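The lines below spell out each chain.
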Amino acid sequence: MASSPPARPTVVVLGGGYAGIQVARPLDDLADVVLVEPKDDFVHNVAALRALVDPSWLERIYLSYTGLLDRGRVIRDRAVKADAGRVVLSSGAELSPDYLVLASGSGYPFPAKPDLAGTEAAHGKVRSTHAALAAAGRVLLLGAGPVGVELAGEIKAVWPGKQVTLIDMASDVLGERYRPDLKAELRRQLADLGTELLLGSPLRAEPPTAAGELRTFTVTTQAGTEVIADIWFRCYGVVPASDYLAGGLAAARRPDGFVEVTPELLVAGQERVFALGDVSAADHNKGAGAAGRQAPVVAGNIRALITGQGELARYQPPPASIIVPIGPDGGAGQRAGSEDLVPAETVAQLKGRDMMVQRFAELLGLSTAAQS
Ligand SMILES: Cc1cc2nc3c(=O)[nH]c(=O)nc-3n(C[C@H](O)[C@H](O)[C@H](O)COP(=O)(O)OP(=O)(O)OC[C@H]3O[C@@H](n4cnc5c(N)ncnc54)[C@H](O)[C@@H]3O)c2cc1C
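In this text, all values refer to a predicted model and were calculated from it rather than measured experimentally.

*Asks:* Explain the overall build of the chain to me, please; I cannot follow it from the model alone.
*Replies:* When helices and strands are counted, the chain shows eleven helices and 20 strands. Relative to the compact-globule value of 21 Å for 372 residues, the chain shows a C-alpha radius of gyration of 22 Å, a close match. If you line up the chain on its principal axes, its C-alpha atoms span 80 × 45 × 40 Å. Every one of the 372 residues in the chain was classed for burial, and the buried ones make up 51%. Residue pairs at least 24 apart in sequence account for 62% of intrachain contacts in the chain once pairs closer than 6 positions are excluded. Distance from the positive charge centre (36 side chains) to the negative charge centre (42 side chains) of the chain: 1 Å.

Next up, the structure:
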C-alpha cells in the first residue's frame, strides 16, 4: 500500500507588501503558504508620489497577486489577533500556522501610502487628489524628510510654476541619520527648482483644512513666517502595523510599535514566528530595499527549520544608505562604503525614471510584457 506523502507545514504570512511577497514565494514549493492581505492588489508604494502627479502610473503600480503563488493562496483579509499558533482574521476565520511571519509593515499618511483597501476606490482617491493638486497654485508640504523632499520634486517636475513650500521643525532636510553633504545637495536642487524651505520651526497650529483638500488657508510658523497655500499634504508619520499582536507576541511589541527580533529575525522569545520589513526593529533603515534583504534570511531560516538542514542565518543591518529622487531626472543619495554622493543621473537610473516597477512586477510573477 502506498504511504501518503508527509503533511506540508503551514506558513502564514501576514501582509503582502515588499517583505511578505518575498518570503511567501520562495516557500511555495515546500510549505502550504497562506498570505493574508487586506488590499486587492500589491501596491508598489515606492512610486505612489509619481502616481499622484501623473495618475497614468496607477495601473502600473497596483499589481495583481494572481501570479505570486502556484500552490499557496492569497486571502483578502486582515489579521485582528495573532499569537504564535493562532491567527484570527477580521472575517472571523482562524488560521493555525506552524510558522508565522509578521510582514504587516507600516502606515503612512496618504498620498505616500494608500489608506483604502480596494483598488478602484484607492485609484479614485488618487485621481481626485490629483485634480485638486493640479488646480492649486500654492502647495504646502509638512515634513521635509525623504517623502516631503520627493513630493516637492515630483510636483515641481510636472508644474514648475507652482509655489511649493516645505516646512519642518528639524533644522535640515532628511532627518538625522544622513550625511550633511547629501542634505546640502538636496537643498541646493530644491532651491534651483524654486522650492521654499522653512526649516527649524514648527507650525503654531495645523492648517484648518483637511490634507489634500483644495481650499486656501494661512498658517504661521513658531518663528513668525506666514504661509498662504491652497492645499497641503502631511509628509511624516510612520506607524508600524502591529496592534493585532496578542499573547506572547504582544510582549515583543515595543512601546513605539516596532517588533523586537533576534539577529535571525525571529520575534523575541519565539521559535517559529518571524518579523521583517517596516514592522520589525531589525534595522533603522526602513525601506523596500531592507525588506528585500531581510526576506531571504526569513525564507531561508523557515526552510532550514522545516527541512532540518543548515544553520539559521543572521541579518546584518548595513550602514545607512538612501536615494532620494527629485523628479524623474534629479535627486541624490548616499551609499555605504562610498565617499561620493550618488549623482542625479544614477538616482534617475535606479529609481526616478522607471520607479523600479519592472522589478516588482517580476517578483509578483507577472509577465513583463503585460506591464509595459
Ligand atoms: C513615498 C514613499 C517612497 C518610498 N521610496 C522608497 C525607495 O525608493 N526605496 C526603498 O527602499 N523604500 C522606499 N520607501 C519605503 C518602503 O515603501 C517601505 O519601507 C516598504 O513599504 C516596507 O515594506 P513592508 O512589506 O515591510 O511593509 P508595507 O509595504 O507597509 O506592506 C505591509 C502590508 O501589510 C498589510 N497589512 C497591514 N496590516 C495587516 C494586518 N493586520 N493583516 C494583514 N495584512 C496587513 C498592508 O496592507 C500592506 O500591504 C518609500 C516609502 C514611501 C512612503
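*Asks:* Would you mind going over the layout of surface pockets with me for this structure?
*Replies:* Where empty space is left becomes clear once a probe the size of a water molecule has been rolled over the atoms. If you add up the space inside the second largest pocket, you get close to 240 Å³. When grouped by side-chain class, the residues that make up the lining of the second largest pocket number seven nonpolar, two polar and two charged.

*Asks:* Whenever I open this one, the nonpolar core confuses me. Can you help?
*Replies:* Most often, soluble globular proteins have nonpolar side chains that are buried together. The biggest cluster of nonpolar side chains holds 61 residues, and the ones touching the most others in it are V13, L14, L100, V101 and L102. For V13, the residues in contact, after removing those within four places along its chain, are G20, V23, A24, V33, V34, L35, V36, V101 and A103. By size, the runner-up hydrophobic cluster in this structure holds 32 residues, among which are L49, A132, I322 and I326.

*Asks:* Is there a simple way to explain the pairing of strand β7 (residues 86-89) in this structure?
*Replies:* Each regular strand carries side chains that alternate between the two faces of the sheet. As judged from the four bridges shared by strand β6 (residues 79-83) and β7, these two strands associate in the antiparallel manner. In the sheet register, K81 faces β7, and the bridge partner there is V88. Where β6 folds back onto β7 in an antiparallel hairpin, the turn is made up of two residues. As judged from the two bridges shared by β7 and strand β8 (residues 94-95), these two strands associate in the antiparallel manner. Within β8, the residue paired with V87 across the bridge is L95.

*Asks:* What am I meant to see in the sheet that holds strand β18 (residues 273-275) here?
*Replies:* Within a beta sheet, neighbouring strands are joined by backbone hydrogen bonds and run either parallel or antiparallel to one another. Spatial strand order, β5-β2-β1-β9-β18: five strands in an open sheet with parallel pairing. The two strands at the open ends of the sheet, each matched to only one other strand, are β5 (73-75) and β18. Here the average twist between neighbouring strands, direction ignored, is 20°. Examined bridge by bridge, strand β2 (residues 32-36) and β5 share three bridges and lie parallel to one another. Bridge pairing in β5 links V36 to I75. With respect to the sheet, helix α8 (residues 288-307) is in contact with β1 (10-14), β9 (99-102) and β18, its orientation differing from that of β9 by roughly 170°.

*Asks:* Could you clarify how one ought to interpret the site of the ligand in this entry?
*Replies:* Taken together, 29 residues sit near the ligand, with A19, E37, K113, D278 and K351 positioned nearest. Within the backbone of S106, a nitrogen or oxygen atom sits 3.2 Å from an oxygen atom of the ligand. At a separation of 3.2 Å, an oxygen atom of the ligand approaches a polar backbone atom of G287. Coverage of the ligand by the protein amounts to 87% of the 990 Å² it exposes when considered alone. Where the shell around the ligand is concerned, the elements lending two or more residues are α1 (18-27) and α8. Residues of the shell around the ligand, tallied by class, amount to twelve nonpolar, ten polar and seven charged.

*Asks:* Honestly, the environment of G124 in this entry has me stumped. Any pointers?
*Replies:* In this structure, G124 sits in helix α4 (residues 119-135). A relative accessible area of 36% places G124 in the partly exposed class.

*Asks:* Honestly, empty space enclosed by the protein in this entry has me stumped. Any pointers?
*Replies:* Taken as a whole and assessed by the stated rule, the structure comprises one cavity of 30 Å³ or more. Its boundaries defined by the atoms lining it, the largest cavity holds a volume of some 80 Å³. Along its surface, the largest cavity is lined by V43, A48, A51, L52, L58, I61, Y62, F110, P111, P114 and V126. Only α2 (48-53) and α3 (58-61) provide two or more residues apiece to the lining of the largest cavity. With three residues, α2 is the largest single contributor of residues to the lining of the largest cavity. Grouping the constituent residues of the lining of the largest cavity by class yields eleven nonpolar, no polar and no charged.

The rules behind each value
Residues numbered from 1 in each chain as written. Predicted model: local features only at pLDDT ≥ 70, side-chain atom pairs only at ≥ 80, totals over all residues. Heavy atoms only, no water. Helix = DSSP H or I, 4+ residues; strand = E, 2+ residues; numbered from the N terminus. Rg over C-alpha atoms; globule rule 2.2 N^0.38 Å. Buried < 20%, exposed > 50% of the residue type's maximum accessible area, 1.4 Å probe, protein only. Contact = heavy atoms within 4.5 Å. Lys, Arg positive; Asp, Glu negative; His and termini not counted. Charge placed at Lys NZ, Arg CZ, Asp CG, Glu CD. 1 Å grid on protein atoms, 1.4 Å probe; cavity = no way out; pocket = protein on both sides within 12 Å on 5 of 7 lines; lining within 4 Å. Points joined across faces, edges and corners; volume = space filled by probe spheres on them. Nonpolar A, V, L, I, M, F, W, Y, C, P; charged D, E, K, R; others polar. Core = buried A, V, L, I, M, F, W, Y, C linked by side-chain atoms within 4.5 Å. Pairing = 2+ DSSP bridges. Axes fitted to C-alpha atoms, helices over the stretch in contact; angles between N-to-C directions. Near = heavy atom within 4 Å. Polar contact = N/O pair within 3.5 Å; in protein donor to acceptor, adjacent residues only side chain to side chain. Areas by Shrake-Rupley, 256 points an atom, 1.4 Å probe, with all protein chains shown as cover.

Interpretation note: all reported values are geometric properties and have no functional meaning in isolation.
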